[in-house]
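Letter by letter, the chains look like this.
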Amino acid sequence: MTNTPLHGLRVVELARILAGPWAGQTLADLGAEVVKIEAPEGDDTRKWGPPFIDRGDDVAAGYFHACNRGKKSVVVDFRTPEGKADLLGLIAEADVLIENFKVGGLAKYGLDYDSLEAANPRLVYCSVTGFGQTGPYAPRAGYDFLMQGMSGIMSVTGEMGGEPQKCGIAITDLFTGLYSVIAIQAALAHREKTGKGQHIDMSLLDVATAVTANQAWNFLASGNAPGLTGNAHPNIVPYQVFPTSDGHVIIACGNDGQYQRFCTVLNRDDLATQEDYVTNPLRVQNRDVLVPILQVETVKFTKADLLAACDANTVPAGPINNLKELFDDPHIQSRGMQIELDGLPAVRSPMRFSGSELATKTAAPKLGAHTAELLRKT
């Protein structure tokens, strides 16, 4: 497809698990040719099930399919002279290489950036590791779960008085994949000006630290480390889960006007003008008094009735869906977020362009499906 943003770009992906493959998948969605290099046994996530997708001559876990659509799979054992030669041939024609080996792990094979730069000075080489290429932790292996803990993310996730919790998805891996794509595209833009590629050093812990965002600034501005607040927002009230007579809903009042309209929904206009609650800073200061009052009122509604009343009064509110409810949602369906690739279900990339297309056309590749094509073997 020539109308994709990255048409003509070739990416060699020497990455496994999630962060590197997520970067590769995003580049593939944008039209790059992404060649996934796999060992003979395949990416680890091919076995991370159940559930598994059985295509007769290929069985791979749903996890693998989640982060490898649109790619080509080439089986190469670069520990052998023949395999290394094959891989170097692919890299010589590549614009981008993504790898997530331990620091220095590829140097002994001559596949590190310094070794490859001379032969392909335009190569953009993105290394994804747990702790980066420098620093005392650089030699360590890194996993998303560890990063959520070390970065402080888990210290602000979970119910007050309970156990710190990780997010239900591997957010550090996913954010690292997306930051890697941003960095790769920036390096490609720099290459257009200078003619030279460069080495990108992506660290899971750096990314996890960066995305602490307002919580980091809550600490930096006050000197006090924020703690567990459950579903309550540290800086906004009311902005949390509220009970109803048949379940729970999310209320997210981001300004004073929305709060005032929420009070109207609850038939408590008096709370909108009470001096302790008229501004968000006052509501944050007095949340321990205000929130229980609001909860007494919300529980008088069913979920459906409260959400309908909030919608009618332009109060931001929403249900807490499970994934079946998500994909049954008429808005998600209207946006075409569930798609089909090669007869298999998939989730569409969220990127939409007015003048370009996405290249989301093929499912995750079968192991070694493109080895003969790309290495010209019979």
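Details of the structure are given in the entry above.
None of these values were measured; they are calculated from a predicted model. (Residues numbered from 1 in each chain as written. Predicted model: local features only at pLDDT ≥ 70, side-chain atom pairs only at ≥ 80, totals over all residues. Heavy atoms only, no water.)

### Side note on helix α1 (residues 19–29)
So, step 1. Burial runs high along α1: ten of the eleven residues are buried.
So, step 2. Restricting attention to buried positions, one finds in α1 the residues Ala 19, Gly 20, Pro 21, Ala 23, Gly 24, Gln 25, Thr 26, Leu 27, Ala 28 and Asp 29.
So, step 3. Backbone geometry just downstream of α1 places Gly 31 in the positive-phi region, at approximately 110°. (Buried < 20%, exposed > 50% of the residue type's maximum accessible area, 1.4 Å probe, protein only. Helix = DSSP H or I, 4+ residues; strand = E, 2+ residues; numbered from the N terminus.)

### Observations regarding the sheet that holds strand β7 (residues 124–129)
So, step 1. A sheet is described by the order of its strands in space; here six strands give the open sequence β5-β2-β1-β6-β7-β8, paired in parallel fashion. A single partner strand is all that each edge strand has here, and the edge strands are β5 (72–75) and β8 (199–203). The average angle at which neighbouring strand axes cross in this sheet is 20°, direction not considered.
So, step 2. Helix α3 (residues 81–92) rests against β1 (10–14), β2 (33–38), β5 and β6 (96–99) of the sheet, and its axis sits at about 145° to β1.
So, step 3. Across the sheet, helix α6 (residues 171–194) touches β6, β7 and β8, and the angle it forms with β8 is around 165°. (Pairing = 2+ DSSP bridges. Axes fitted to C-alpha atoms, helices over the stretch in contact; angles between N-to-C directions. Contact = heavy atoms within 4.5 Å.)

### Some details on the packing of α1 against α6
So, step 1. In the contact formed by α1 and α6, the axes pass within 7 Å of each other and the chain directions differ by 50°. Classed by the angle they form, the pair α1 and α6 counts as oblique. Crossing handedness for the pair α1 and α6: right-handed. For the pair α1 and α6, the contacting residues are Ala 19, Trp 22, Ala 23, Thr 26 and Leu 27 in the first and Asp 173, Leu 174, Thr 176, Gly 177, Leu 178, Ser 180, Val 181 and Ile 184 in the second.
So, step 2. Across the contact of α1 with α6, the residue classes tally to eight nonpolar, four polar and one charged. (Parallel < 35°, antiparallel > 145°, perpendicular 65-115°, else oblique. Left-handed = near helix turned anticlockwise from the far one by under 90°. Nonpolar A, V, L, I, M, F, W, Y, C, P; charged D, E, K, R; others polar.)

### Here we look at the side chain of Arg 46
So, step 1. Summarising the element assignment, Arg 46 is placed in the loop between β2 and β3 (52–54).
So, step 2. Since its relative accessible area comes to 5%, Arg 46 is described here as buried.
So, step 3. Within the structure, the side chain of Arg 46 is placed 2.8 Å from the side chain of Glu 38, a separation counted as a polar contact.
So, step 4. If we ignore the near neighbours within four places in the chain, the residues touching Arg 46 are Glu 38, Phe 52, Asp 58, Val 59, Ala 60, Ala 61, Phe 64, Ser 73, Pro 365, Lys 366 and Leu 367. (Polar contact = N/O pair within 3.5 Å; in protein donor to acceptor, adjacent residues only side chain to side chain.)

### Examining the packing of aromatic side chains
So, step 1. A full pass over the atoms with the stated rule returns six aromatic pairs.
So, step 2. Judged by centre distance (5.9 Å) and plane angle (65°), the rings of Phe 78 and Phe 101 are edge-to-face. On the criterion of sequence distance, the pair formed by Phe 78 in the loop between β5 and α3 and Phe 101 in the loop between β6 and α4 (113–117) is long-range, its members being 23 residues apart.
So, step 3. Put simply, the rings of Phe 78, Phe 101 and Tyr 109 pair up and form one aromatic cluster.
So, step 4. When the ring centre of Tyr 259 is taken as reference, the NZ or CZ atom of Arg 283 above it lies at 4.3 Å. (Phe/Tyr/Trp six-rings, centres within 6.5 Å; stacked < 30°, edge-to-face > 60°. Lys NZ or Arg CZ within 6 Å of the ring centre and 35° of its normal.)

### Focus: the side chain of Thr 129
So, step 1. For Thr 129, the location among the structural elements is in strand β7.
So, step 2. Taking relative accessible area as the criterion, Thr 129 reaches 8% and is therefore assigned buried.
So, step 3. Of the polar contacts made by the side chain of Thr 129, one reaches the backbone nitrogen of Gly 132; its length is 2.9 Å.
So, step 4. Among all residues touching Thr 129, those that are not within four sequence positions of it are Phe 101, Val 103, Met 202, Ser 203 and Leu 204.

### Observations regarding the nonpolar core
So, step 1. One finds Val 11, Leu 27, Val 96, Ile 98 and Ile 184 to be the most contacted residues of the largest nonpolar core, which totals 31 residues.
So, step 2. Every element with two or more residues in this core is listed here: α1, β6, β7, α6, β8 and α7 (204–210).
So, step 3. Here the element with the most residues in this core is α6; it accounts for five residues.
So, step 4. With sequence-adjacent residues up to four places away left out, Ile 184 is seen in contact with Leu 27, Val 96, Ile 98, Val 124, Cys 126 and Ile 200. (Core = buried A, V, L, I, M, F, W, Y, C linked by side-chain atoms within 4.5 Å.)

### Examining helix α9 (residues 256–265)
So, step 1. When α9 is considered as a whole, its buried residues turn out to be Gln 258, Tyr 259, Phe 262, Cys 263 and Val 265. All buried residues of α9 lie within an arc of 155° about the axis, which places them on one face of the element.
So, step 2. The inward-facing, buried residues of α9 abut β10 (247–252), α10 (269–273), α11 (280–285), α12 (287–298) and α13 (303–312).
So, step 3. The N-terminus of α9 is capped by Asn 255, whose side-chain oxygen sits 3.1 Å from the backbone nitrogen of Gly 257.
So, step 4. Note on α9: the residue one or two positions beyond its end, Asn 267, has a positive phi of about 60°. (Arc of directions from axis to C-beta.)

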